[in-house]
Amino acid sequence: MVRSIEKLRWMLQFGFCVMSLGCASVSGSFSFQIHHRFSDQVKTVLGSHGLPEMGTLEYYETLVHRDRGRRLTSNNNQTTVSFAQGNSTQEISFLHYANVTVGTPAQWFLVALDTGSDLFWLPCNCKSSCIRSMETDQGERIKLNIYDPTISTSSSKVPCNSTLCALRNRCVSPLSDCPYRIRYLSPGSRSTGVLVDDVIHMRTEEGEPRDARITFGCSESQVGLFEKTAVNGIMGLAIANIAVPNMLAKAGVASNSFSMCFGLKGKGTISFGDKGSSDQLETPLSGTLSPPFYDVTITEFKVGSVTVETEFTAIFDSGTAVTWLIEPYYTAVTTNYHLQVADRRLPARVKSPFEFCYIITSATDEEKIPSISFEMQGGATYNVFSPVLVFDTSDGGQVYCLAVLKEVTAGFNIIGQNFMTNYRIVHDRERMILGWKESDCNDKNGFTGPTASANPPSLPPTPSPRARSPSTRLNPLAASSLLILCFFSFICL
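Please read all numbers here as calculations on a predicted model, not as lab measurements.

(A) Looking closely at the packing of aromatic side chains. Summed over all chains, the structure comprises 15 aromatic pairs. Ring geometry for phenylalanine 385 against tyrosine 423: centres 5.0 Å apart, planes inclined by 65°, an arrangement best described as edge-to-face. Here phenylalanine 385 is found in the loop between strand S23 (381-383) and strand S24 (388-392), whereas its partner tyrosine 423 is found in strand S28 (residues 423-428), with 38 residues between them in sequence. For phenylalanine 385, a relative accessible area of 37% corresponds to the partly exposed category. Ring-pair connections join several aromatic residues into one group, and the members of that group are Phe316, Tyr382, Phe385, Tyr423 and Trp436.

Below, the structure written as structure tokens:
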């Protein structure tokens, strides 16, 4: 069990959600919006140099490749609030980002949101390892902020005798600066530094400011993946005392619960203190893992007309692009799916991360594509809106794939973002339940891109997605490919 837990922690480590603050909160909670790194909106701000076009085989190959590189860190009458810039989030690259303002005076950071790790850290007092700017497609260089505790009048160091100091055994004395070290399974990827306290700026739905003192990492060194990826900080959202939702609750700013909503084209929201609604469906968190994650117990699943009675645990991880299943569940799902598909299967000679892909023709009928649903512990049913991804082929055709991969290293099942689309997922850490309710994740404020100031500029309106389906009945399938928030990697036919 210990070995399995360690594998799981490595596996989820690099699952980040990318969010960008925009206004929208529920009854005084904090929230923000999500956009995809390959979306037209984000490309306008961050650039698209060397990035595959969304919807192509190369695009999905990159997503899968990034999924495989993700791993958990080895460290450590409701009121809802959002970040000071709002609740709007957007996927950038394989992560969901938010505009987060910290310190006095406030500085803005483009922070990746990760339910698979606990610690919030910002680049801080680092030299060549910090990413300090991004270049847009128009050739404009945009500065990224680097946190400096000596400039923020509200900043203070965390001593080694703090209960949040996990590495106190490495301290010279109880009053020394508390060090931290986070390692990622991606080769050589890690963040190291010291813990600090400072103010994070939040606001209610009505726009009332709600600031809170939190503990986070002052990252003096980010190497490996962080040398190539423009990550301006990571906010861990897993279940731990040092995670931001817990600290907001202790500060009396919001309940120890939050929701994330995954809409179309990589856009979404996050709201702190959101405990869901009375009409949501829910299931208890299993609590079988240590440290705990958002794992639930599935008692049966249905593929098309076939019901399979079973029992297994799966982790809901917003930072994983697609769903990963271990055996025998992978074979049970994919085999029953394949037996009910009328379309011709993609030839085995075509390299693809997905095993079950089918060629779209004029005879393809979306209504006949098998559905997938899970029955959770407690009896609630979780319906997957679209278990498939659609992508273009180099010869001008289209293919759809069952977006489920076989997990062979971690020993755990993961429900990825593709199975969370069109839901508001509630992570209630007080009641220890996972809730869900259908939602369009309406973005009222739009995504805001990087800037050196505390008030980032708005991106242009979202363009209409290019038509990719030969039949209007397949448009929902084509749209589903835009919902995935992490990286895959395919090659063209």
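(B) Broad picture of the confidence of the model for the chain. Of the residues in the chain, 69% reach a pLDDT of 70 or more, and the chain-wide mean stands at 75. Taken element by element, the predicted model of the chain shows its lowest mean pLDDT in helix H6 (residues 475-480) (27) and its highest in S23 (98). This stretch, residues 68-76, has a pLDDT under 50; its non-local contacts, to residues over four places away or in other chains, come to 56 contacts. This model gives residues 443-493 a pLDDT under 50, and the stretch forms 203 contacts once residues within four places in sequence are excluded.

(C) Seen up close, the UniProt feature "active site" (unreviewed entry) in the chain. The sites that carry the UniProt feature "active site" (unreviewed entry) are, in the present numbering, Asp114 and Asp317. These annotated residues cover 204 residues of sequence, and their C-alpha atoms all fall within 8.4 Å of one another, placing them together at a single site. Reaching out from aspartate 114, the side chain makes a polar contact with the side chain of serine 117 at a distance of 2.6 Å. By relative accessible area, aspartate 317 is classed as buried at 1%. Engagement of the side chain of aspartate 317 in a polar contact is seen with the side chain of threonine 115, the distance being 3.1 Å.

(D) Quick look at the sheet that holds strand S25 (residues 398-402). A sheet is described by the order of its strands in space; here 3 strands give the open sequence S21-S25-S24, paired in antiparallel fashion. Edge positions in the open sheet fall to strand S21 (357-359) and S24, since each of these has one partner strand only. With strand direction ignored, the average angle separating the axes of adjacent strands in the sheet is 25°. In this structure, S21 lies alongside S25, joined through 3 bridges in antiparallel fashion. Bridge assignment links tyrosine 358 to a residue of S25, and that residue is tyrosine 400. Contacting S21, S24 and S25, helix H5 (residues 329-338) runs over the sheet at an angle of about 140° to S25.

Thresholds, definitions, all that
Residues numbered from 1 in each chain as written. Predicted model: local features only at pLDDT ≥ 70, side-chain atom pairs only at ≥ 80, totals over all residues. Heavy atoms only, no water. Phe/Tyr/Trp six-rings, centres within 6.5 Å; stacked < 30°, edge-to-face > 60°. Helix = DSSP H or I, 4+ residues; strand = E, 2+ residues; numbered from the N terminus. Buried < 20%, exposed > 50% of the residue type's maximum accessible area, 1.4 Å probe, protein only. pLDDT = per-residue confidence, 0-100. Contact = heavy atoms within 4.5 Å. UniProt positions renumbered as here; feature names shortened; annotations may be inferred. Polar contact = N/O pair within 3.5 Å; in protein donor to acceptor, adjacent residues only side chain to side chain. Pairing = 2+ DSSP bridges. Axes fitted to C-alpha atoms, helices over the stretch in contact; angles between N-to-C directions.

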